[in-house]
Amino acid sequence: MSERGEIILGVDPGTALLGYGLVVGNDEPLALEYGVLSTPSSERMPARLLKLYEGLSALLRRHAPDVVVIEELFFSRNVTTALSVGQARGVVLLAAAQAGVPVVEYKPAEVKQAVAGYGKADKAQMQEMVRLLLNLDEVPKPDDAADALAVALCHAQTSRFHRAVEQR
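Procedures and definitions
Residues numbered from 1 in each chain as written. Predicted model: local features only at pLDDT ≥ 70, side-chain atom pairs only at ≥ 80, totals over all residues. Heavy atoms only, no water. Pairing = 2+ DSSP bridges. Helix = DSSP H or I, 4+ residues; strand = E, 2+ residues; numbered from the N terminus. Axes fitted to C-alpha atoms, helices over the stretch in contact; angles between N-to-C directions. Contact = heavy atoms within 4.5 Å. Buried < 20%, exposed > 50% of the residue type's maximum accessible area, 1.4 Å probe, protein only. Arc of directions from axis to C-beta. Polar contact = N/O pair within 3.5 Å; in protein donor to acceptor, adjacent residues only side chain to side chain. Parallel < 35°, antiparallel > 145°, perpendicular 65-115°, else oblique. Left-handed = near helix turned anticlockwise from the far one by under 90°. Nonpolar A, V, L, I, M, F, W, Y, C, P; charged D, E, K, R; others polar.

Visitor: How should I be thinking about the sheet that holds strand E1 (residues 7-12) in this particular structure?
Guide: What holds strands together in a sheet is hydrogen bonding between their backbones, with the strands either parallel or antiparallel. Strands sit in the order E3-E2-E1-E4-E5 across an open sheet of 5 strands; the sheet is mixed. In the strand order of this sheet, the two ends are held by strand E3 (30-38) and strand E5 (103-106), each with one partner. Averaged over all neighbouring strand pairs, the angle between strand axes comes to 20°, with direction disregarded. Where E1 and strand E2 (residues 17-24) come together, 6 bridges link them in antiparallel fashion. Within the sheet, the bridge partner assigned to Asp12 lies in E2 and is Gly19. Of the strands in this sheet, E1, E2, E3 and strand E4 (67-71) are in contact with helix H1 (residues 45-63), which crosses E3 at around 160°.

Visitor: What exactly am I supposed to notice about helix H4 (residues 123-133) here?
Guide: Along an α-helix, residues three or four positions apart point the same way, because every turn accommodates 3.6 residues. Here H4 has its buried residues at Met126, Gln127 and Val130. Viewed end-on, H4 has its buried residues packed into an arc of 95°, placing them on one side of the element. For H4, the capping residue at the N-terminal end is Asp122, with a side-chain oxygen 3.2 Å from the backbone nitrogen of Ala124. Note on H4: the residue one or two positions beyond its end, Asn135, has a positive phi of about 55°.

Visitor: I would appreciate a short explanation of the packing of helix H3 (residues 108-116) against H4 in the present structure.
Guide: Packed helix pairs are characterised by how far apart their axes lie and by the angle those axes make with each other. Two numbers describe how H3 lies on H4: the axes approach to 9 Å, and their chain directions differ by 50°. Between H3 and H4, the interaxial angle falls into the category oblique. Classified by chirality, the crossing of H4 by H3 is left-handed. Of H4, the residues touching H3 (which contributes Val111, Lys112, Val115 and Ala116) are Met126, Met129, Val130 and Leu133. For the contact of H3 with H4, the residue count by class is 7 nonpolar, no polar and 1 charged.

On their own, these measurements won't tell you what the molecule is for.
Shown next, in the form of structure tokens:
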């Protein structure tokens, strides 16, 4: 843990774009870094997953987060998308496990509730709340990075709540 607090790596898994957002501090969170790891659709899936793994491993080494946070898998009607997101999630779980970093998962509605105060908030509301909570000049781009920051913020908010309850 840094002197500012817990370092949280939020991840929005995908095989084309894997969003990541590093946040430090639970009480007044600050964005350390955010962006995406991208892979070309022209490459075969094993090569794409390897690139994601290598990129995540580099982030884990560089920032030494205290926790990796990811949304629980949401099943949509598009089976192909669900399968590729599942593969990307597996890469995230493997990289975190190999780095010895615990993984925490939240349901999509939990992320929305913690960040926007409403479990059915839309994407625009979530992005604006991420901007406000992290005191950013503009909404993080691309959307995958904003989503990853939202997951990290969810953990920051939830951890703060759990600590307050434990102190009572």
